[in-house]
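Architecture and fold: a report
Each chain, written out:
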Amino acid sequence: MTQGYTFLEDRVISDLAFEATGDTPAELFQAAGLALFEGMADTGRIQPRVRKEIRLKHAQIDQLLYDWLSELIYLKDAAGLLFREFSVQLDQNAEWNLIATVRGEPIDPKRHALRADAKAVTYHQFEVGQTETGGWKARVVVDI
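Residues numbered from 1 in each chain as written. Predicted model: local features only at pLDDT ≥ 70, side-chain atom pairs only at ≥ 80, totals over all residues. Heavy atoms only, no water.

**Observations regarding the overall build of the protein**
A tally of helices and strands in the protein yields 2 helices and 8 strands. When the helices and strands of the protein are listed from N to C terminus, the series reads β-β-α-β-α-β-β-β-β-β. In terms of overall size, the protein behaves like a compact globule, its C-alpha atoms giving a radius of gyration of 14 Å where 144 residues would be expected to give roughly 15 Å. For the protein, the proportion of contacts with a sequence separation of at least 24, taken over those separated by at least 6, is 66%. (Helix = DSSP H or I, 4+ residues; strand = E, 2+ residues; numbered from the N terminus. Rg over C-alpha atoms; globule rule 2.2 N^0.38 Å. Contact = heavy atoms within 4.5 Å.)

**Things to note about the environment of Gln 30**
Mapped onto the secondary structure, Gln 30 falls in helix H1 (residues 25-40). Linking Gln 30 and Val 88, residues 58 residues apart in sequence, is a C-alpha distance of 6.3 Å.

**Some words on the pairing of strand E5 (residues 96-106)**
In this sheet, E5 lies alongside strand E3 (residues 50-58) in antiparallel orientation, the contact comprising 9 bridges. Directly across from Arg 55, in E5, lies its bridge partner Ile 99. Of the strand pairs in this sheet, strand E4 (residues 81-92) and E5 are connected by 11 bridges, and their pairing is antiparallel. The residue of E5 that forms the bridge with Val 88 is Ala 100. (Pairing = 2+ DSSP bridges.)

**Observations concerning the sheet that holds E4**
One open sheet holds the 3 strands; their spatial order is E3-E5-E4, and the pairing between them is antiparallel. Here the strands that pair on one side only, and so sit at the sheet edges, are E3 and E4. Mean inter-strand twist for the sheet, computed between neighbouring axes without regard to direction, equals 20 degrees. Where H1 meets the sheet, it contacts E4 and E5, and its direction lies at approximately 165 degrees from that of E4. Contacts between helix H2 (residues 61-79) and the sheet are confined to E3, E4 and E5, with E3 contributing the most and set at about 150 degrees to the helix. (Axes fitted to C-alpha atoms, helices over the stretch in contact; angles between N-to-C directions.)

**Notes on the packing of H1 against H2**
Contact geometry of H1 with H2 gives a least axis separation of 11 Å together with a crossing angle of 35 degrees. Like other packed secondary-structure pairs, H1 and H2 cross with a definite hand, here right-handed. Contact with H1, carried on its side by Pro 25, Phe 29, Ala 32, Gly 33, Leu 36, Phe 37 and Met 40, involves Ile 61, Leu 64, Leu 65, Trp 68, Leu 69, Leu 72, Ile 73 and Lys 76 of H2 and no other residues of that element. A per-class count over the contact of H1 with H2 returns 13 nonpolar, 1 polar and 1 charged. (Left-handed = near helix turned anticlockwise from the far one by under 90°. Nonpolar A, V, L, I, M, F, W, Y, C, P; charged D, E, K, R; others polar.)

So, in structure tokens, the structure goes:
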């Protein structure tokens, strides 16, 4: 299994749904971040001009992924930023700790091919877990 994502057009009608995969939890989080922003814009047109660091922690990895994607949506809304690069470090002690660096730039409707405007991550069909081969997979539905 490698890092990646697939849009699930048959799962929801008015929302954005995707499955993200990765060999490690960090790769899963990177793929989910990229899928989220690819659903909102053509990430190939986003330049990595602005750098943001994100630190989160949670006892459960599924809640951490939920918080991660919610934080990315918050940065899009509050700071008007789109991202294309996601560098994630995860470790687990008593709880999961995430330190991530994301890179992107301010939204420019003239340059960016905008798609759906993500509003919030939902718990509808939300799933995170290991696969039979030891990789990681998540299913996410985002309200648009």
